Structures are given as C-alpha cells and as structure tokens.
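A structural walkthrough
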Amino acid sequence: MPPVDVAIIGTGSIGIAVAYYLVRDHGVRRIALIDPRPPMSLTSAQSGENYRNWWPHRVMTAFTDHSIDLMERLDEASGGRLNMTRGGYALVTRRERPQDLIDALHLGYADSPGQIRLRDSEGDYIPPRRTPWQGSPSGVDVLLDRALIRRTFPAFANDIATVIHIRRAGSIDAQQMGSLMLEAIREAGGTLVRGEVKSITAGAPFRLEIATPDATTPTTLLAERIVNAAGPHLQDIASMLGEDLQVECVFQQKIAFPDTLQAVARRQPFAIDLDGQSLAWSDEDRALLASDPATRRLTEPMKGGIHCRPDGPVDGNWIKVGWAYNETPGSPHDALPVDPQFPDSVIRAVSRLQPKLAAYIGKLPRGMRHYGGFYTQTTENWPLIGPMATPGAFVAGALSGFGSMGACATGSLCAAWIAGKPVPSFATSLAPARRQDTALMAELAGLAKGTL
Ligand SMILES: Cc1cc2nc3c(=O)[nH]c(=O)nc-3n(C[C@H](O)[C@H](O)[C@H](O)COP(=O)(O)OP(=O)(O)OC[C@H]3O[C@@H](n4cnc5c(N)ncnc54)[C@H](O)[C@@H]3O)c2cc1C
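Quick caveat, the model's predicted, so the values are computed rather than measured.

**What to know about the pairing of strand S16 (residues 318-322)**
When you tally the buried positions in S16, you get four out of five residues, the bulk of the element. Pairing geometry for strand S15 (residues 306-311) and S16, over five bridges, is antiparallel. Looking at S16, one finds that Asp-311 is bridged to Trp-318. If you look at the hairpin formed by S15 and S16, you'll find six residues sitting between the two strands, and Gly-312 has a positive phi there, around 80°.

Following this line, the structure appears as structure tokens:
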C-alpha cells in the first residue's frame, strides 16, 4: 500500500469527519481511512440523531455550538442534505420552578447571558416548529405556566409543571452527513481501506499491520500520523501504542415504531422526562421480574431521562423512544447485550409523560425496531480530541451519546491539532492532556453524568 500522510482508524461519524476537515481546511490529500466494516455501520448506525447545545458546562456548550455552526453550513451548502430540524428539546419535570435546573442552565450558557427566558405567561414565546431551522429562536424558554404548557404540549401528562425548551436543538440525518463528507474525501484523493488494524509500531513513519479480507498475511501501511477513531474499540488501538485512555463502553438501547394511534404530535420536539419513576407492574409481573437478578432493577426506582420524538418526515408516523438507564460497562468484543425486556419497560416509562402511548403497552406494532450500541465514554463524560502521548498519534473519540452532533466539531478540532494550527480555547479542555489539569478534573468530578 502506498504510504500516506494520515491514517485514520475507524470510519464512523468521527473518523470520517476528521478526514473531511483535513481535506477541507488543511489541504491534506494522502489520507487512508481504515475499517473492516462499511462506513457508518457500527455505533454511528444506532444514533438517535438528535442535537442540542444544552450542557451543564460552558466548554461543552461551546463545543456543540461550534459543531452546530458547522452542520448548519454543511446543510446549506449541500441544499439541505442533512435534513436538519430545529424543534428544540423539551425537558420536562413535575417540579414547580426547579431552581437547580435553572441554575444549571445559567452555568451552561454562561458565555451568552440573557439567553434564558423564564415564562410565567405566554408573552412572546414562539411555539416549537420543526423546519426550517433558519430563523428559529436560540437560548432557552422555561415554561412555568401550566396553562401555557397544556396549550403548547397537549399530549404531555397533566402533572407536568415545568418545560425547559432548549431552542438550538433538533435532529439531523447523520448518515447523509457521513455520505456527503465521504464524497468530498474521495474526490480529494482519500482512500478507504477495508481491513482491521492489528498492530502499530510507533515512529516516523508509523507502521500499521492491517488484516484485509482478501490477504492471508497482514498488509503494511506507513503513515506519518495516525488518528484513533475506533469508537468502542478506542482502547484496543491505544493498547497497541502502550497507552491507557481510561474509557469505558456502556450499552444503550432505543425502539422505533409506527405511531399508528397518532399519540405523538409531529411537531413535538424531542421530549425528555427528567423525573425518576417506579414502573407500574402487575403484582404477578413484579414478582417474576424481582426473582431474576437480570431484571430485578426494573422493579426498583429508576432514573429519569426517558425520551421520545417523532422520526422521519413531518407527514410520516414513526416515533423513537429511548432510555439510557444502563450504567454497567460491557465489552465491545462480546455479542451486543440486547435486552428483550427493554421495549416493554421503555413504553411503560414513556407513557407516564405521554399517556396516550400507554395504548401500546403489550401491543407494540409488529414492525417495531429495537436496537442499541455502546456509549464510549470517559468518567467525566467529555470527549477525547487531540494529541495522544505517542508523538504523531491523535485520538478522536469517547463521544458517548453525542457523537452525531459532535462529529463536525470533533473533526475540525482534531484536523487542526494534526495540522499544527491554532485551536479555540475550549479545545484544550477536550484533549487527553486535560487529565493533568487537576482543578478542571476536580470540577468535572462534581458534575453529574449526562443521561442521554
Ligand atoms: C443508542 C444510541 C443512541 C445515540 N443517540 C445519539 C443522538 O441522538 N445524538 C448524538 O449526537 N449521538 C448519539 N449517539 C452517539 C453516537 O452514535 C456516537 O457517539 C457516534 O456514532 C460514535 O462514532 P464513532 O465514529 O466514534 O464510532 P463508531 O461509529 O463505532 O465507529 C468506529 C469504527 O471504528 C472501527 N474500528 C474499530 N476497531 C478497528 C480496528 N482495529 N481497525 C480498523 N477499524 C476499527 C469500527 O469497525 C467502527 O466502524 C447514540 C449512540 C447510541 C448507542
């Protein structure tokens, strides 16, 4: 194989975005993207494809704002291929005026004051609309008036007392985004190598041994720089360099099905029930679930974060429902731990927020899709983007449940690190070297892990 300037390991959203911004912003042409799987087919195929700029920390807000800026530019330049919507995120709770949540909003939006609008009445509140995203409001509307909530979100349960409506949020078609980036990479001369990186010898150049489907012995590729974008296999690649990235993989699931009963309005934003709950089981079911260690937790109080949104076109009828309640790390080398109990549990949980969905308990449509993938995450749930300890090696990963929305920023930041160009000030906090910043790490240890 001819030597390359940059070898990128992994063709998920992240590896592709790094290659794209190397080509677009830095004119790097000799790029090899290596993967045994088809592009965008592992974790990136499981994404809920939601985006938002809501975080409890200004660094993550800056990171996703940067990514959304780049996605919007891509969407406009491609004539709308990203299918971006901007209905927002509706975070709901039964708590009146939840001061802790309002304080967290102020922390996240600290760099753009005046963006948080507390609404005791309708005033000039603009209700959600999915498209077009151009001209949609920014900031956050915190709806504190029950009558306004009822009028705006008639499908929500009557006990909802507060809706935090994040405005710079919605959905994208992440597969389309990957496709259009791949077209640009190929056009610039980048190549896709079908194979699995088996070993790496560090140096200048790096020497990668790749097992390709058609060769009995590994093929060698020489590369001046390498990028570890191996998703849930991030640590496998780090281990080949003798490094420990301290990431873990936690399996999360979703379901999608045609909402034939029209329980979810097509203009409804991505709705998240923030409140924990105990699932309502019959006595018989409860006893059965409690008797099995694998299902006992479903009979105990569960965390919040159940989410639901319309999927596909406005005139379609599919919806997606998810709940990232698993907290037990798994191995990406084992078979996916798909939980057959999940569809029933999640539909019960979501119907507390959207009572009409209760009609599907025990009656989920036959065409339902149940799927899942690994959140690859650091303890602080921030990504790793930037130089690894090995000179010439970079990492772009640990994007947990925000890799579709974070792909563009990750790609552009990692490409700048590789090209030796300046990066925005927030980018140093996302690089692996942040672990040497004891003050930052202590601050992050105090933040709760995201639930989505
Ligand atoms: C259920 C679920 C819902 C989600 N919802 C959202 C959402 O709504 N919004 C959002 O922004 N994000 C969401 N995410 C997160 C998002 O999907 C991920 O963060 C993102 O897809 C990660 O992309 P990646 O490129 O890092 O990993 P992947 O897509 O997993 O790609 C990694 C690639 O590396 C390859 N690889 C691994 N080892 C090797 C090797 N040795 N040699 C060569 N190649 C190798 C793999 O084959 C794979 O193709 C969700 C994730 C899950 C699981």
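Okay, back to it.
**Regarding the domain arrangement of the protein chain**
When its domains are assigned, the protein chain resolves into domain 1 (4-49 + 174-247 + 379-445) and domain 2 (89-170 + 248-377). One C-alpha centre belongs to domain 1, the other to domain 2; they are set 31 Å apart. With 14 residues of domain 1 at the contact, the number on the domain 2 side is 15 residues.

**Digging into the nonpolar core**
Judged by nonpolar contacts, the single largest core of 116 residues is most densely connected at Ala-7, Ile-8 and Val-18. A total of ten residues in this core trace back to one element, the largest contributor, which is helix H9 (residues 403-419). Both of domain 1 (4-49 + 174-247 + 379-445) and domain 2 (89-170 + 248-377) provide at least three residues apiece to this core. Ignoring anything within four residues of it in the chain, the contact list for Val-18 reads Ile-8, Val-227, Ala-229, Ala-396, Gly-411, Cys-414 and Ala-415.

**Quick notes on the environment of Leu-101**
Here Leu-101 lies in helix H3 (residues 99-108). Here Leu-101 falls in the partly exposed class, since 16 other C-beta atoms lie within 10 Å of it. Taking the C-alpha atoms as reference points, Leu-101 and Leu-192, 91 residues apart in sequence, are found 45 Å from one another.

**Digging into the site of the ligand**
Taken together, 40 residues lie around the ligand, and Gly-10, Gly-12, Gly-48, Gly-231 and Gly-403 are the ones closest in. Where the shell around the ligand is concerned, the elements lending two or more residues are helix H1 (13-26), strand S2 (31-35), strand S3 (50-52), strand S10 (196-201), strand S13 (248-258), strand S18 (369-377) and H9. Here the shell around the ligand is built from residues that sort into 14 nonpolar, 20 polar and six charged. Two domains share the shell around the ligand, each providing at least three of its residues, namely domain 1 (4-49 + 174-247 + 379-445) and domain 2 (89-170 + 248-377).

Rules and cut-offs
Residues numbered from 1 in each chain as written. Predicted model: local features only at pLDDT ≥ 70, side-chain atom pairs only at ≥ 80, totals over all residues. Buried ≥ 20, exposed ≤ 12 C-beta atoms within 10 Å, placed from the backbone. Helix = DSSP H or I, 4+ residues; strand = E, 2+ residues; numbered from the N terminus. Pairing = 2+ DSSP bridges. Domains from an automatic or database assignment. Contact = placed C-beta atoms within 7 Å. Core = buried A, V, L, I, M, F, W, Y, C linked by C-beta atoms within 7 Å. Near = placed C-beta within 6 Å. Nonpolar A, V, L, I, M, F, W, Y, C, P; charged D, E, K, R; others polar.

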